[in-house]
Each structure stands twice: as structure tokens, then as C-alpha cells.
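This is what each chain is made of:
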Amino acid sequence: MTTRYRTVVDAMLILVRDGKVLLAQRQNTGYADGQWNLPSGHLEEGETIDEAVAREALEEVGITLGVEDLRFVHLCHFRAPGGQARMGVFFEATSWEGEPVNAEPHKCARIEWFPLDRLPSNTYPYTAAGVERYRQGAPYAAVWPKGSPG
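Figured I'd write up the structure that's included with this text. (Residues numbered from 1 in each chain as written. Predicted model: local features only at pLDDT ≥ 70, side-chain atom pairs only at ≥ 80, totals over all residues. Heavy atoms only, no water.)

So, on to helix H1 (residues 49-61). For H1, built from 13 residues, the straight-helix expectation of 18 Å at 1.5 Å per residue is met to within 8% by its first-to-last C-alpha distance of 18 Å. Those residues of H1 that sit buried are Ile 49, Ala 52, Val 53, Ala 54, Arg 55, Glu 56, Ala 57, Glu 60 and Val 61. Looking at the buried positions of H1, the neighbouring elements they touch are strand E1 (8-14), strand E3 (20-26), strand E5 (40-42), strand E6 (70-79), strand E7 (85-93) and strand E8 (108-115). Positive backbone phi, approximately 65 degrees, marks Gly 62, located one or two places after H1. (Helix = DSSP H or I, 4+ residues; strand = E, 2+ residues; numbered from the N terminus. Expected span 1.5 Å × (residues − 1). Buried < 20%, exposed > 50% of the residue type's maximum accessible area, 1.4 Å probe, protein only. Contact = heavy atoms within 4.5 Å.)

What follows deals with the pairing of strand E9 (residues 140-143). On E9, burial follows the alternation: Ala 141 and Val 143 on one face are buried, whereas Tyr 140 and Ala 142 on the facing-out side are not. Relative to E9, E6 runs parallel, the two sharing 4 bridges. Bridge pairing in E9 links Leu 75 to Tyr 140. (Pairing = 2+ DSSP bridges.)

For the structure shown, the criterion picks out 7 aromatic pairs. Ring geometry for Phe 78 and Tyr 124: centres 5.7 Å apart, planes at 65 degrees, overall edge-to-face. Placement of Phe 78 in strand E6 and of Tyr 124 in the loop between E8 and helix H2 (125-136) is noted, with a sequence separation of 46 residues between them. The pair formed by Phe 78 and Tyr 124 is uniform in burial state, with each residue classed as buried. Centre to centre, the rings of Phe 90 and Tyr 126 are 6.2 Å apart; their planes meet at 85 degrees, and the pair counts as edge-to-face. Of this pair, Phe 90 sits in strand E7 while Tyr 126 sits in helix H2; the two residues are 36 residues apart in sequence, bridging distant segments of the chain. (Phe/Tyr/Trp six-rings, centres within 6.5 Å; stacked < 30°, edge-to-face > 60°.)

Pairing between side chains becomes possible if they bear opposite charge and their charged atoms approach one another. Applying the stated criterion across every chain, the model contains 10 salt bridges. With a shortest N-O distance of 2.8 Å, Arg 86 and Asp 10 are connected by a salt bridge. Placement of the pair is Arg 86 in strand E7 and Asp 10 in strand E1, with a sequence separation of 76 residues. On the basis of relative accessibility, which here comes to 6%, the residue Arg 86 falls in the buried class. For Arg 118, the salt bridge goes to Asp 117, with nearest N and O atoms at 3.9 Å. Among the charged side chains, a salt-bridge network with shared partners connects Glu 44, Glu 47, Arg 55, Glu 56 and Glu 59. (Salt bridge = Lys/Arg side-chain N within 4 Å of Asp/Glu carboxyl O.)

Moving on, we get to the environment of Leu 65. Looking at where Leu 65 falls in the secondary structure, it is placed in the loop between H1 and E6. In the structure, Leu 65 is positioned 11 residues away from Ala 54 in sequence and 5.7 Å away in space, judged by C-alpha atoms. With residues up to four places along the chain from it excluded, the contact list for Leu 65 reads Leu 13, Ala 54, Ala 57, Leu 70, Ala 93, Ser 95 and Trp 96.

Turning next to the sheet that holds E5. One open sheet accounts for 5 strands, arranged E5-E1-E7-E6-E9; its pairing is mixed. A single partner strand is all that each edge strand has here, and the edge strands are E5 and E9. Going across the sheet, the axis of each strand differs from the next one's by a mean of 20 degrees, ignoring polarity. Examined bridge by bridge, E1 and E7 share 7 bridges and lie parallel to one another. What sits directly across from Met 12, in E7, is Phe 90. Against the sheet, H1 touches E1, E5, E6 and E7, its axis set at about 60 degrees to E1. Each of E1, E6, E7 and E9 touches H2; the most contacted strand, E6, lies at about 135 degrees to it. (Axes fitted to C-alpha atoms, helices over the stretch in contact; angles between N-to-C directions.)

The following block contains the structure:
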């Protein structure tokens, strides 16, 4: 019997203001620490992906938004170093309440706005790929490091 494929699903939030995107620098998580990432998190049992994005927005950057404030913009299938497959579902927030702050300083060193076309060199590859495809208007990408199976 074939084992059913499983992957981690990530809810990714793209906040853009004045041509800049909000990124958070990870720390103390054990995964991609020191790298920049979008406000994001895993899909939890019983929630839809857009509900997960709204939840993560509040938890990570302290803003309130509803699912009606979100627009699906990209799906990225990614193989992380070490072989774990992830599926990133990227939503753009069209409006939100509040000013973004670092609401999780125990997991995030800082948040900062970066030009969409000039992300930091230490942006997590999956995030960088998703933002670039968002800029291009591309709805899907597969990002597989060289030498990965698949």
C-alpha cells in the first residue's frame, strides 16, 4: 500500500504599504532563525487557511483583519533543506486595523518594511520566491533546492 503524501501547510501574509512589504526576522524558533520571513504560521486543525492568516496577523504583528480583507495571491510548493515538503498559501491583506508591531519578541528579533524588489539577502528562500511570484502576478511556483528528489 502506498503511503499518502503529507505536507506542512503555511499561512503566509503579504502586507504592502508604499511599495514595501513587512518582514519579520525569526529568532529562538529552531527553524530558519536569523532569516526574514513574512508574518506566517501553520494551519491548525479546524481552521481555514484564510482564518489562519488572520489569526497569525494578530499573534505576530498585532493587526486585526478579517477573511474578507484577504486576497489569495500565490501558492508555493517548497522543499525545505532536509527534505520536508511545505505548501505556502500567500494572501495579500487589502486592509487592516492597527499599526504592525513585533507582538512576539520571544520569536521575532524585529519587524521591518522592505522594498518589494529588494528583499534582504537572508530572506528565507520560500518567502523570497513567494514575494517575487506575487510581484510577477504568478499564482503558483514549485521551489525545489538543487539535488532534491521530486
